[in-house]
Every structure is written in C-alpha cells, then in structure tokens.
Amino acid sequence: MANKAAAIKYLRQSQKRRMRNKPVRTFARGSVRAALDAIDDAIDTQEWSDADTAIQHAVKALDRAAQRGVIHANTAARRKSRLLRQYHTSRNPDVAQRPRTRPPEPARTP
C-alpha cells in the first residue's frame, strides 16, 4: 500500500483510468475474437458477408481504442494487419504470400 499522499493519489487516478479503459479494451478484444470466429465459419460455408461485417466492426473497435489511448496505435495496426492477413489468406488460399523484398536488419550490438 502507498504511504505518501502523492502515491495514494496516483493509485486513485490509475484505478479510475483502468476502470474507464477496461470496457473499451474488452470490446476491442471481443470484436477481434468475433471476427476470427466469423472467418472460421466462412471457411466452412464459403459465405463471406458475415465475416466482412465482423472485420469492419473489429477494425473500427481497434481504431477507437487506439484513438482513446487505451491501446497503442502500433498495437492496433499490428492486430488489424494480422486479422486482415488471416482473412485474405483464408478467402484466397491459392494466392501465395509475397516474399520479403529485403533481408531483415541485423541485430544491434550494444
């Protein structure tokens, strides 16, 4: 437990912030999960309209969470990229993945 007044105030602020951010983060995670489930269902049925709308909702939820500062913008971009990559490879399995155009950067030495 915090002993100083400033630490107690910071704890109070962080708890408020956590409670305010939690529903936004949960909604984003749930919408991504629903989009992944919709992609799995669409693979079986070859009906992609539900997957399209679920992906649109997931992208919107991730953008909203990033805009509000609940998750980092790069995290939202990474999750959207992974979701859309899975969607496109599931919908078009015949298309091969593009190879990297340049080799990876070497590891930095301190």
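The structure we're discussing is the one just above.
Participant: Help me understand a negative patch on the surface in this model?
Facilitator: Taken together, the side chains of D37, D40, D41, D44, E47 and D50 define an acidic patch exposed on the protein surface. The element contributing the most residues to the negative patch is helix α1 (residues 5-45), with 4 residues. Mapped onto the fold, D41 is located in helix α1.

Participant: Sorry if this is basic, but what is going on with the pattern of salt bridges here?
Facilitator: Applying the stated criterion across every chain yields a total of 3 salt bridges. Here R91 makes a salt bridge to D52, at a shortest N to O gap of 3.7 Å. Of this pair, R91 sits in helix α3 (residues 73-91) while D52 sits in helix α2 (residues 49-67), and the two are 39 residues apart along the sequence. Judged by its relative accessible area of 37%, R91 falls in the partly exposed class. The partly exposed category is assigned to D52, whose relative accessible area is 29%. For the salt bridge of D63 with K80, the shortest nitrogen-to-oxygen distance reads 2.6 Å. On the criterion of sequence distance, the pair formed by D63 in helix α2 and K80 in helix α3 is long-range, its members being 17 residues apart.

Quick notes on the rules
Residues numbered from 1 in each chain as written. Predicted model: local features only at pLDDT ≥ 70, side-chain atom pairs only at ≥ 80, totals over all residues. Heavy atoms only, no water. Patch = residues over 30% accessible without salt bridge, like charges linked within 9 Å, V, L, I, M, F, W, Y side chains within 5 Å. Areas by Shrake-Rupley, 256 points an atom, 1.4 Å probe, with all protein chains shown as cover. Salt bridge = Lys/Arg side-chain N within 4 Å of Asp/Glu carboxyl O. Lys, Arg positive; Asp, Glu negative; His and termini not counted. Charge placed at Lys NZ, Arg CZ, Asp CG, Glu CD. Helix = DSSP H or I, 4+ residues; strand = E, 2+ residues; numbered from the N terminus. Buried < 20%, exposed > 50% of the residue type's maximum accessible area, 1.4 Å probe, protein only.

Read these as spatial facts, not as claims about activity.
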